[in-house]
Amino acid sequence: MSTPNITAEVRDALADGRPVVALESTILSHGLPPGRNREVAARLERVIRDRGAVPATIAVLGGVPKVGLTEAELDHVCDPAGDLVKLSRRDLGAAYALGRDGATTVAGTATIAHQAGIGVFATGGLGGVHRGARDTWDVSADLDVLASTPVLVVCSGVKSILDVAATLELLETRSIPVLGYRADRFPAFYRRESPYDVPWRVEDAEEAAAVVRAHRTVPGGSGVLLANPIAPADEMSRELHDRLLAEGLDLLVREGVRGKDVTPALLEHFHRASGGASLDANEALVLANAALAAEVAVAL
């Protein structure tokens with residue numbers, strides 16, 4: 001694997017033992033509309049700095065894994081004309097060899113972050129088991145990567161368009177600890193709660209850091225998932241959420257959407273039919289996750 005190109009700020013922080021928080025780039029290139037994505041990129045880095053940590057947004061540019069991006073590189077990642085491909089862990093070698101530009105998913109970001117020596121990573125939602133996976137075998141690589149990569153991932157659970165119960169079952173099978181941040185139920189991204197319990201609850205960043213520290217002494221090398229529910233003021237109403245989900249599932253059947261096209265089609269329906277509510281929720285929760293990740297990184 002190519003050696004990551006680490007900015008001086010991030011490299012110095014790591015050398016000095018100061019807290020660093022990794023950020024993915026797929027949310028910027030593929031998850032938010034142009035203009036808004038660049039604003040969120042700046043806000044994410046600012047909220048981490050405000051809490052005493054150093055941000056390290058990760059992407060692959062010209063075939064080189066970048067840990068920490070310059071302003072110009074963030075502009076490029078957020079520019080639709082940049083045509084960045086999505087890079088999971090399986091795609092990194094090809095992108096390196098072929099000199100491509102790519103935005104890293106949770107799996108890709110966790111891999112590069114760990115290689116660079118960063119142990120805390122903030123994102124919006126984790127990938128999971130897709131509905132109908134018994135037939136399609138459509139399961140996000142995020143789960144297997146987290147099973148073998150000792151990085152703390154702070155997220156707001158998984159989107160309700162996925163099979164939440166099966167995702168939690170697979171997290172257990174892969175021996176990945178799941179912590180609820182001041183919560184007893186696993187969050188469902190746009191909604192604060194799913195119907196499913198989390199196995200462990202922590203009340204503050206110090207407790208989360210203590211669990212991470214102790215888990216890293218246990219043989220196996222898996223990561224830890226810290227599930228941070230969206231704030232009550234920012235969550236999508238149940239009525240709107242359930243209507244959009246039902247409409248989206250009907251849309252899939254009507255248009256014959258299958259496999260890897262299912263999630264993008266459902267998310268596009270949420271964004272289009274919610275009048276921007278889903279984008280507002282997405283932005284709010286990822287900023288909150290970055291803030292919490294920074295607090296845990298400082299505690300660590």
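Our subject is the structure that appears above.
Note that the coordinates shown come from a computational prediction; the quantities given were computed from them, not determined experimentally.

> Sorry if this is basic, but what is going on with the packing of helix α3 (residues 36-50) against helix α13 (residues 277-299) here?
Each pair of packed helices gets described by two things: the angle between the helix axes and the distance between those axes. Contact geometry of α3 with α13 gives a least axis separation of 8 Å together with a crossing angle of 25 degrees. Relative to α13, α3 is oriented roughly parallel. Viewed along their axes, α3 and α13 form a crossing whose handedness is right-handed. Residue-level inspection shows R36, V40, R43, L44, V47 and I48 of α3 in contact with α13, the latter providing L279, D280, E283, V286, L287, A290, A291 and A294.

> Is there a simple way to think about the nonpolar core in this case?
Within soluble globular proteins, side chains that are nonpolar generally end up buried alongside one another. V21, V67, I118, F186, L225 and L226 are the most contacted members of the largest nonpolar core, which has 102 residues in total. Among the elements that take part in this core, α13 stands out by supplying 12 residues, more than any other. Excluding anything up to four places from it in sequence, V21 contacts I48, A53, V54, P55, A56, V120, A122, A293, A294 and A297.

> I keep staring at the packing of aromatic side chains and nothing clicks. Help me out?
In this description, a pair of aromatic rings is defined by centroid distance and the angle of the planes. Tallied over the entire structure, the rule returns two aromatic pairs. Taken together, a centroid distance of 5.3 Å and an interplanar angle of 10 degrees make the contact between Y190 and F270 stacked. With a gap of 80 residues between them, Y190 in the loop between β9 (178-181) and β10 (200-202) and F270 in helix α12 (residues 262-273) connect regions that are remote in the sequence. Neither Y190 nor F270 differs from the other in exposure class; each is buried. One aromatic cluster in this structure is built from F189, Y190 and F270. Here the basic side chain of K159 rests over the ring of F189, its NZ or CZ set 4.1 Å away from the ring centre.

> Honestly, α3 in this entry has me stumped. Any pointers?
One full turn of an α-helix is made of 3.6 residues, so residues set three or four places apart face in the same direction. For α3, which comprises 15 residues, the first-to-last C-alpha distance of 21 Å matches the rise-based estimate of 21 Å (1.5 Å per residue) to within 8%. Within α3, the full set of buried residues consists of N37, R38, V40, A41, L44, E45, V47 and I48. On the buried face of α3, the contacting elements are β2 (20-23), α2 (26-31), β3 (54-61), α4 (71-78) and α13. Looking one or two residues beyond α3, the residue adopting positive phi is G52, at roughly 90 degrees.

> Help me understand the layout of surface pockets in this model?
It is the rolling of a water-molecule-sized probe over the atoms that shows where space remains empty. In this model, the largest pocket occupies a volume close to 1,300 Å³. Lining the largest pocket are 38 residues, with T26, K86, T105, T263 and P264 sitting closest to its centre. For the lining of the largest pocket, the secondary-structure elements that each account for two or more residues are α2, α8 (141-148), α12 and α13. Here the lining of the largest pocket gets five residues from one element, more than from any other, and that element is α12. Looking at the lining of the largest pocket residue by residue, the class counts come to 13 nonpolar, 15 polar and 10 charged.

> Any chance you could explain the packing of α3 against α4 here in plain terms?
The geometry of α3 relative to α4 is characterised by a closest axis approach of 9 Å and an angle of 140 degrees between their N-to-C directions. Relative to α4, the element α3 lies oblique. The handedness of the crossing between α3 and α4 is right-handed. Mapping the contact onto sequence places N37, R38, A41 and E45 in α3 and E71, L74, D75 and C78 in α4.

> Help me understand the side chain of H271 in this model?
By secondary structure assignment, the location of H271 is in helix α12. Within polar-contact distance, the side chain of H271 engages the side chain of S278 at 2.6 Å. In this structure H271 touches G31, Y190, G276, S278 and L279, once residues within four positions along its chain are discounted.

> Got a minute to help me understand the pattern of salt bridges in this structure?
Pairs can form between side chains of opposite charge once their charged atoms are near each other. The final tally for this structure, using the stated rule, is 18 salt bridges. As a salt-bridge pair, R36 and D280 come within 2.6 Å of each other at their nearest N and O atoms. With R36 in helix α3 and D280 in helix α13, the pair connects residues that are 244 residues apart, well separated along the chain. A salt bridge links R90 to D91; its shortest N-O distance comes to 3.1 Å. Linked by salt bridges that have partners in common, R36, R43, D280 and E283 make up one network.

> Is there a simple way to explain the pairing of β2 in this structure?
Successive side chains on a regular strand alternate, one facing one side of the sheet and the next facing the other. What you see with β2 is no split at all: V20 and A22 on one side and V21 and L23 on the other are buried throughout. As paired strands, β2 and β3 are joined by four bridges and run parallel to one another. Note that in β3 the partner of V21 across the bridge is P55.

Criteria and cut-off values
Residues numbered from 1 in each chain as written. Predicted model: local features only at pLDDT ≥ 70, side-chain atom pairs only at ≥ 80, totals over all residues. Heavy atoms only, no water. Axes fitted to C-alpha atoms, helices over the stretch in contact; angles between N-to-C directions. Helix = DSSP H or I, 4+ residues; strand = E, 2+ residues; numbered from the N terminus. Parallel < 35°, antiparallel > 145°, perpendicular 65-115°, else oblique. Left-handed = near helix turned anticlockwise from the far one by under 90°. Contact = heavy atoms within 4.5 Å. Core = buried A, V, L, I, M, F, W, Y, C linked by side-chain atoms within 4.5 Å. Buried < 20%, exposed > 50% of the residue type's maximum accessible area, 1.4 Å probe, protein only. Phe/Tyr/Trp six-rings, centres within 6.5 Å; stacked < 30°, edge-to-face > 60°. Lys NZ or Arg CZ within 6 Å of the ring centre and 35° of its normal. Expected span 1.5 Å × (residues − 1). 1 Å grid on protein atoms, 1.4 Å probe; cavity = no way out; pocket = protein on both sides within 12 Å on 5 of 7 lines; lining within 4 Å. Points joined across faces, edges and corners; volume = space filled by probe spheres on them. Nonpolar A, V, L, I, M, F, W, Y, C, P; charged D, E, K, R; others polar. Polar contact = N/O pair within 3.5 Å; in protein donor to acceptor, adjacent residues only side chain to side chain. Salt bridge = Lys/Arg side-chain N within 4 Å of Asp/Glu carboxyl O. Pairing = 2+ DSSP bridges.

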